[in-house]
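# Working through the structure, step by step
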Amino acid sequence: MLRIHDTLTGELVDFIPRIEGEVSLYACGPTVYDHPHLGHARQALTYDVARRYLEWRGYTVHHVANVTDIDDNIISRATREGSTETEVAQFWEAEYIAVMDELDILHPHDRPHATEWVAEMVDFIQVLVDNGSAYATPSGVYLRVRSVEDYGALVHRTHDELAEGAGARVEVDPDKEDPLDFALWKAAKAGEPTWDSPWGPGRPGWHIECVAMSLGILGDGFDLHGGGSDLVFPHHTNERAEAVAAGREFSRYWMHNAMLNIDGEKMSKSLNNFQTIRDVLAQDPLNGRALRLLLLQTHYRKTLELNDDTLAQAREATRRIDAMVRKATNAGIALDGAARDEAARDAFREEMDRDFGTPEAMAVVFELVRKANSALDSSDEAAPGLVATAVELATALGVPPEVPGAGGEQDGDAEIDAMVEARTAAKAAKDWAEADRIRDELAAQGITIEDTPTGPIWYR
RNA sequence: GCGUCGGUGCCCGAGCGGCCCAAGGGAACGGCCUGCAAAGCCGUACAGUCGCGGGUUCAAAUCCCGCCCGGCGCUCCA
């Protein structure tokens with residue numbers, strides 16, 4: 001039984017999907033107006049891993065992640081650059097997808113865009129207006145938050161506690177009945193893109209898009225709604241309020257991933273430690289997988305410490321997995337028919353079932369790596385099963401081994417093969433000076449040689 | 001201030017009241033292997049006050065209370 005820490009109840013609860021064997025997952029996607037940064041990576045990776053695990057466990061997953069392609073930031077960037085909102089959104093969405101591809105993040109089954117769902121949003125708002133939980137003013141349409149009894153449930157605050165916070169702020173819009181009321185529809189402002197509505201031209205508020213799209217695609221009572229912990233309030237709280245006010249059944253479970261720190265401090269533009277995914281990937285070819293592994297080795301609900309050091313540590317750890325597979329490949333181990341280590345698979349499932357315990361699941365994988373290495377060294381017959389299980393489980397978490405250039409033949413790099421052979425010959429002749437000279441020469445080209453019981457292997 | 005999540009070895013980081021004299025990864029040291037390396041394996045030192053102080057319990061890193069410190073949130077329009 002999979003258990004998940006549900007944000008709404010604040011407890012570890014049994015995960016029972018709406019339909020047995022099927023999981024509907026809605027994970028909030030990005031607002032596309034700038035470079036995707038490491039926070040986006042953590043968010044996307046959290047739900048990517050959740051999805052992969054659910055699939056490994058035999059569920060059919062319907063994963064939806066939206067793209068917010070109209071909002072204040074997009075408008076201001078378009079204005080600043082003298083381009084259009086559409087151009088800004090399309091450019092940064094393409095960049096977002098390209099970067100996520102490099103991190104091996106699976107594409108969601110649906111990637112709805114806010115601008116394509118405006119009609120559904122208008123219909124939804126109409127329901128809220130008709131049933132009295134929303135009202136129109138000259139500046140837009142607002143949700144009457146007081147009409148939602150447990151409005152602050154996700155953040156575990158009462159209405160009054162929330163109102164206290166809101167009261168401390170300057171209330172700009174005198175048309176609003178209550179400071180907590182928020183915009184479902186914003187009346188048109190000069191120079192902004194607008195859509196028609198029964199309340200005049202304007203554009204949708206931030207939260208309504210996710211409600212319209214999640215319920216529209218996944219249906220009432222879909223299973224899991226996820227996002228970064230910074231979205232709990234106001235975004236998810238308001239989404240939920242809209243759904244509740246409309247009498248719709250919203251998500252059954254909520255999960256939220258924690259933020260990350262860089263060099264011990266939160267990542268923010270003001271601290272000037274904001275790192276884009278693109279920059280991190282450019283620093284080292286292994287960084288994509290290292291980042292994945294680093295995230296897997298920290299529980300998704302805990303603040304992650306990221307710096308050059310922790311990233312380097314994760315790179316070394318990925319090498320450990322790769323080295324084992326390289327050795328197995330070179331030894332001619334066939335993985336396809338190998339019997340899996342069921343005890344390890346059970347341990348893995350048990351750890352993952354406890355609120356996606358990826359750090360412990362990775363520990364299971366590394367235990368397998370150690371046992372597999374040991375078996376490979378002694379040509380133990382258990383080796384294929386151990387290697388196959390380690391590969392299966394690592395792949396289930398999205399960190400499959402990568403052994404490019406292993407062996408050499410598939411690279412068709414005859415020149416390097418020839419040098420490796422020359423070194424082997426030199427070794428046979430006990431000409432150590434020549435053998436070392438060749439090894440140094442290869443090293444200068446970024447090629448590492450490993451001697452194994454089944455002969456030398458090389459890789460870049 | 002309020003809410004929420006956390007504070008575990010040199011670093012990152014698990015830990016489900018007894019299986020914890022605390023997983024796993026990285027770094028270090030010793031041994032085996034190697035012509036020498038690399039990779040790997042075996043072992044060692046690292047936590048002995050698991051932020052601090054109380055309490056509950058036969059038993060607490062794990063539960064409760066208080067305090068200290070950190071992350072996030074406390075509303076788009078400011």
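Source: prediction; values computed, not measured.

Conventions used here
- Residues numbered from 1 in each chain as written.
- Chains lettered and ligands numbered in written order.
- Predicted model: local features only at pLDDT ≥ 70, side-chain atom pairs only at ≥ 80, totals over all residues.
- Heavy atoms only, no water.
- Helix = DSSP H or I, 4+ residues; strand = E, 2+ residues; numbered from the N terminus.
- Buried < 20%, exposed > 50% of the residue type's maximum accessible area, 1.4 Å probe, protein only.
- Contact = heavy atoms within 4.5 Å.
- Expected span 1.5 Å × (residues − 1).
- Pairing = 2+ DSSP bridges.
- Axes fitted to C-alpha atoms, helices over the stretch in contact; angles between N-to-C directions.
- Patch = residues over 30% accessible without salt bridge, like charges linked within 9 Å, V, L, I, M, F, W, Y side chains within 5 Å.
- Areas by Shrake-Rupley, 256 points an atom, 1.4 Å probe, with all protein chains shown as cover.
- Salt bridge = Lys/Arg side-chain N within 4 Å of Asp/Glu carboxyl O.
- Lys, Arg positive; Asp, Glu negative; His and termini not counted.
- Charge placed at Lys NZ, Arg CZ, Asp CG, Glu CD.
- Core = buried A, V, L, I, M, F, W, Y, C linked by side-chain atoms within 4.5 Å.
- Phe/Tyr/Trp six-rings, centres within 6.5 Å; stacked < 30°, edge-to-face > 60°.
- Lys NZ or Arg CZ within 6 Å of the ring centre and 35° of its normal.
- pLDDT = per-residue confidence, 0-100.
- Domains from an automatic or database assignment.
- Buried area = accessible area lost by both parts, 1.4 Å probe.
- Polar contact = N/O pair within 3.5 Å; in protein donor to acceptor, adjacent residues only side chain to side chain.
- Nonpolar A, V, L, I, M, F, W, Y, C, P; charged D, E, K, R; others polar.

## Quick notes on the environment of G202
Within the secondary structure, G202 sits in strand β8 (residues 202–204). Classification of G202 by relative accessible area gives buried; the value is 1%. For the pair G202 and H62, spaced 140 residues apart in sequence, the C-alpha separation works out to 32 Å. Setting aside its immediate chain neighbours within four residues, G202 contacts W185, K186, A187, A188, P193, T194 and W195.

## Some words on helix α13 (residues 383–396)
Helix length check: α13 (14 residues) gives 20 Å between terminal C-alpha atoms against 20 Å at 1.5 Å per residue, within 8%. The buried fraction of α13 amounts to 12 of the 14 residues, a majority that puts the element mostly inside the structure. Within α13, the full set of buried residues consists of A383, G385, L386, V387, A388, T389, A390, V391, E392, L393, A394 and A396. On its buried face, α13 is in contact with α1 (38–56), α10 (308–330), α11 (342–353) and α12 (358–377). In the segment just after α13, G398 is the residue with positive phi, at about 85 degrees.

## Re the sheet that holds strand β4 (residues 60–65)
By way of backbone hydrogen bonds, the strands of a sheet pair with one another, either parallel or antiparallel. As summarised here, the arrangement of the four strands in space is β4-β3-β9-β10, forming an open sheet in which the pairing is parallel. Each edge of the sheet is formed by a strand with only one pairing partner; in this case those strands are β4 and β10 (253–257). Taking the axes of each pair of neighbouring strands and ignoring which way they run, one obtains an average angle of 20 degrees across the sheet. Bridging between strand β3 (residues 22–27) and strand β9 (residues 224–228) involves three bridges; their strand directions are parallel. If you follow L25 over to β9, its bridge partner there is L224. Against the sheet, α1 touches β3, β4, β9 and β10, its axis set at about 130 degrees to β10.

## Some details on the sheet that holds strand β5 (residues 134–137)
With respect to topology, four strands assemble into an open sheet ordered β5-β6-β7-β8, the strand pairing being antiparallel. Lying at the two open borders of the sheet, with one neighbouring strand each, are β5 and β8. Going from strand to strand, the sheet's axes swing by 20 degrees on average, the running direction of each strand aside. Bridge count between strand β6 (residues 140–143) and strand β7 (residues 182–187): four bridges; the pairing is antiparallel. When the sheet's bridge partners are listed, G140 is paired in β7 with K186.

## So, a negative patch on the surface
Taken together, the side chains of D263, E265, E305, D308 and D309 make up a negatively charged region of the molecular surface. Note on E305: relative accessible area 35%, which makes it partly exposed.

## Some points on the nonpolar core
I4, M324, F348, M352, F356, M362 and L397 are the most contacted members of the largest nonpolar core, which totals 50 residues. Going through the elements one at a time, β3, α1, β10, α9 (287–296), α10, α11, α12 and α13 are the ones with two or more residues in this core. Residue contributions to this core peak at 10 residues, all from α12. With residues near it in sequence (within four places) discarded, M362 still touches L293, L296, Q297, I321, L397 and V399. If you look at the next biggest cluster of nonpolar residues, it comprises 41 residues, including V64, I75, V141 and W185.

## Some points on the packing of aromatic side chains
Remark: the centre distance and the inter-plane angle together describe each pair of aromatic rings, the angle taken between the planes. Applying the stated rule across the entire model yields 12 aromatic pairs. Measuring from centroid to centroid gives 6.2 Å for Y53 and F348, while their planes differ by 65 degrees, and the two rings are edge-to-face. Here Y53, found in helix α1, pairs with F348, found in helix α11; they are 295 residues apart in sequence, far enough to count as distant. An angle of 75 degrees between the planes, with centres 5.0 Å apart, marks the rings of W56 and F348 as edge-to-face. Taken together, the residues span a long stretch of sequence, with W56 in helix α1 and F348 in helix α11 at a distance of 292 residues. A network of ring pairs unites the aromatic residues Y53, W56, Y300, F348 and F356 as a single cluster. Sitting above the plane of the Y300 ring, R301 keeps its charged end 6.0 Å from the centroid. Against the face of Y459 rests R326, its NZ or CZ located 3.4 Å from the ring centre.

## Regarding the pairing of strand β15 (residues 455–459)
Pairing of strand β14 (residues 448–452) with β15 involves five bridges; the strand directions are antiparallel. Within β15, the position partnered with T452 by the bridge is G455. Between the end of β14 and the start of β15, which pair antiparallel, lie two residues.

## Let's talk about the confidence of the model for chain A
Taken residue by residue, chain A gives an average pLDDT of 89. The fraction at 70 or more is 95%. The model gives residues 405–410 a pLDDT under 50, and that stretch makes 11 contacts with residues more than four places away or in other chains.

## Let's talk about the domain arrangement of chain A
The domain boundaries assigned to chain A delineate domain 1 (3–260), domain 2 (305–396) and domain 3 (409–459). Across the boundary between the two partners, domain 1 contributes 12 residues, which contact 14 residues of domain 2. Both faces considered, domain 1 and domain 2 share a buried interface measuring about 1,300 Å² in area, 66% of it formed by carbon and sulfur atoms. When the buried surface of domain 1 facing domain 2 is broken down by residue, R3, Y53 and W56 rank first, second and third, together holding 52% of it. Applying the counting rule to domain 1 against domain 2 returns one salt bridge. For R57, the salt bridge is made with D353, and the minimal N-O distance between the two is 2.7 Å. Inspection of the domain 1/domain 2 interface yields seven residue pairs in polar contact (both at pLDDT 80 or more). Mapped onto the side of domain 1 that touches domain 2, the elements with two or more residues apiece are β1 (3–6) and α1. The element best represented in the side of domain 1 that touches domain 2 is α1, accounting for six residues. Grouping the constituent residues of the side of domain 1 that touches domain 2 by class yields eight nonpolar, one polar and three charged.

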